[in-house]
Amino acid sequence: MIRLGRVQVKVIERVVATIPLALAVALAAFVLMRAIPGDPVDIMMGEGASSSEEEMAALRTGLGLDQPIHRQLVVYLKALLRGDLGYSIVRSRPVAQMIREALPATIELAMCAMLFALALGIPVGVVSALKHNTAFDRVSTAVSFIGVSLPAFWLGIVGILVFSMTFGWLPTSGRIAYGMEPRHITGLLTLDALLTGDMTALGNALRHLCLPAAALGLGVAAVVARVTRSSMLDVLGSDYVLFARAKGVPEPAVTTRHALRNAMIPTVTLVGLQFGSLLGGNMIVETIFGWPGLGRVVVDAIFARDYPVVQAAVMVYALTFVGVNLITDLLYTVLDPKMALE
Amino acid sequence: MGQASLHTDELYQGALARSADMSGSSGARAGFWPRLMSHRGGRLGLIIVLAYVVVAVAAPVLAPYSPGAVDLVRRLVPPGLRTGNLLGTDQLGRDILSRIMHGARVSILVGLATVCISAFVGVGLGMVAGYYGGVLDRALARFTELLLAFPYLIFVIGAMSVMGPGFWNLVWALSFKGWVEFYRLARALVMSEKNREYVEAARVLGRSDGVILTCEILPNIVNSMLVLGTLRMGNMIVMESSLSFLGLGIPPRMPAWGSMINDGRRYMLTSPWVATFPGLALALLVLGMNLLGEGLRDVLDPKMMEG
């Protein structure tokens, strides 16, 4: 009971600590966007547009852009505290709605990339450690080195060239073929397709996911394989593994139950860190694959000076990142109960 | 794009472990070159990086054509020895090999400048924060937390739209967050070094804090910074290419690998060489940087070498 209490206290502490951080991020996003030369009205009207000064001034008044900057900030923060993310200036739609549509796409892509990375990286890392210093170990180490060094956006382009254009096996862009979307439940198309039992949609969504997820996940897979290998090697040389072997525990059980569980601790930390950066760093892969995720929304919005969208998206990113770190910490305490007591 | 987090984490553990059982860099420095040369990965990495540096420095002499020379008659010529364009030409008839060579200058300079600025700021602040602690340390802790909560790429994209494309704009935008990793590692190392005997001894001898930090502690953490710098440089080069790919990095008149890859996207089906070769050049350089960084870490960290 006491230990559970401590974990709960830790969670509450961490959640409370994110509030000032979120406010600071909101403030920083606000300042950064106002520092970009040109306001949304300039961008909307285009250069050399025929609209008169009066029309542009009226539009600015309508959007509240003629207010002094501190007044704009107060309006923005008040709305934020009410949970109102505002309206997209360029698309005239509620920002919350745009984010609700785009975020599941980004999460789905990041999750699939992570699953790909774990499914490839953990077995390779474990086998490399078990077959330490063999040909397999050396080849997988070399390949993971190359994997870490390949930029995801270039991998994506080469993937499109090989698998979409040359062989025609996989689609080049989008999340799912037009008109095949499953009924909206979670927004994650693969999960929705599974929940509604729509296998055609599932297959189609998975085919769309293959290339972007692999392009994003390959580098992570290489990192996962390396970390798993080195922590597995550490654990296999430890006293308690020796003791388990001496007790006569069969080797497969030593590997899975005793060694792997402990060797996973660094991997879990890594997964947390990498998942955060997969969420926040995939706008280029999203751009290449025409993936309608948050990364593309925010890049488009930066170019269009769509202040409310950028501010909200940056907040969502930052909070997701902090949230993922929190979950990683908690998983850590589950895997290593000593941590909870510290 | 978060690839370096692994390196930093491993490095961090290794550096702390080392600083716990070694009290001077002189031992590690003896025989540095022979050891780096006998480290297979490190040697390969060094050769790759040196080759790129030579090509970058000598690009105006080595490149067969001017990187900006447009020849619309010879558009999208396939690679080959007989055509006179070893790696082919792009959609404007510009020689890809020449552009890759000149692009190496841009990539290496951006990487080097960013890492130098980041290391200078990060190590300086990290050492002061780690040595004195107190209000400055706490304020920096909050500030770095805030910076880390921003996705790096969004941050740099935002900053680049404030400042516009340009070489130095890109370097500043990348450095603005790049120093955090140096700061964190330097701070942690100084915190573990400052209570060691040699620092105590220097204090007893009446050395000032400034002298202790620069003459006593800095030489003991400089190896770790060197390794981190090498590994971060590969990352910075990928970031530079990503931004140039989006049209936000290096201005179009300068040849940069990222913008070359973006140009080549449209011709992927008919002329795949336009995007493929700059990508390979980028991947090989990053591979070389990573190999060199890991080699340096193994050589400068005897404890990990045994394992």
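Hey, could you run me through the overall build of chain A in this one?
Within chain A, the secondary structure is distributed over 15 helices and zero strands. Counting only residues that meet the buried cut, chain A has 46% of its 342 residues in that class. For chain A, long-range pairs separated by at least 24 residues make up 72% of all intrachain contacts whose partners lie at least 6 apart in sequence. Looking at chain A as shown, the accessible area adds up to about 16,600 Å², and 67% of this sits on carbon and sulfur atoms. Placing the 26 positive and 24 negative side-chain charges of chain A at their respective mean positions leaves the two points 11 Å apart.

Could you clarify how one ought to interpret the overall build of chain B in this entry?
Helix and strand content of chain B: 14 helices and zero strands. Listed N to C, the secondary structure of chain B is α-α-α-α-α-α-α-α-α-α-α-α-α-α in terms of helices and strands. In chain B, buried positions account for 59% of the 307 residues. The long-range fraction of contacts in chain B, counting pairs at least 24 apart against all pairs at least 6 apart in sequence, stands at 75%. Roughly 12,700 Å² of accessible area belongs to chain B as shown, and the carbon and sulfur atoms make up 67% of that amount.

Where do I start with a nonpolar patch on the surface in this structure?
Residue and element names in this part refer to chain A. A cluster of nonpolar residues, Ile 12, Val 16, Ile 19, Leu 23 and Leu 81, forms a patch on the protein surface that exposes about 520 Å² of accessible area. The element contributing the most residues to the nonpolar patch is helix α1 (residues 2–35), with four residues. We classify Leu 23 as partly exposed; its relative accessible area is 40%.

So what exactly am I meant to see when it comes to the interface of chain B and chain A here?
Think of interface size as the accessible area that goes away when the parts come together; that is how it is often given. Taken together, the contact between chain B and chain A spans 42 residues of the former and 44 residues of the latter. Carbon and sulfur atoms make up 79% of the surface buried where chain B meets chain A, a total of about 3,900 Å² over both sides. Where chain B touches chain A, the interface holds one salt bridge. Residue B:Glu294 pairs with A:Arg226 through a salt bridge whose shortest N-O separation is 3.1 Å. Among the elements of the structure, α1 (4–21), α7 (134–149), α8 (152–163), α11 (209–245), α12 (257–265) and α13 (273–300) of chain B are those that each provide at least two residues to the side of chain B that touches chain A. In terms of residues, the side of chain B that touches chain A owes the most to one element, α13(B), which gives 11 residues.

Sorry if this is basic, but what is going on with the confidence of the model for chain B here?
Low pLDDT means the predicted coordinates in that region are not meant to be read closely. All names here are of chain B. Taken as a whole, chain B shows an average pLDDT of 83; of its residues, 88% reach a score of 70 or greater. Low confidence marks residues 1–7, where pLDDT is under 50. Its contacts with residues over four positions away, or in another chain, come to 27 contacts. Between residues 302–307, whose pLDDT stays under 50, and residues either more than four places distant or in other chains, the model counts nine contacts. Complex prediction metrics read pTM 0.81 and ipTM 0.76.

What counts and how
Residues numbered from 1 in each chain as written. Chains lettered and ligands numbered in written order. Predicted model: local features only at pLDDT ≥ 70, side-chain atom pairs only at ≥ 80, totals over all residues. Heavy atoms only, no water. Helix = DSSP H or I, 4+ residues; strand = E, 2+ residues; numbered from the N terminus. Buried < 20%, exposed > 50% of the residue type's maximum accessible area, 1.4 Å probe, protein only. Contact = heavy atoms within 4.5 Å. Areas by Shrake-Rupley, 256 points an atom, 1.4 Å probe, with all protein chains shown as cover. Lys, Arg positive; Asp, Glu negative; His and termini not counted. Charge placed at Lys NZ, Arg CZ, Asp CG, Glu CD. Patch = residues over 30% accessible without salt bridge, like charges linked within 9 Å, V, L, I, M, F, W, Y side chains within 5 Å. Salt bridge = Lys/Arg side-chain N within 4 Å of Asp/Glu carboxyl O. Buried area = accessible area lost by both parts, 1.4 Å probe. pLDDT = per-residue confidence, 0-100.

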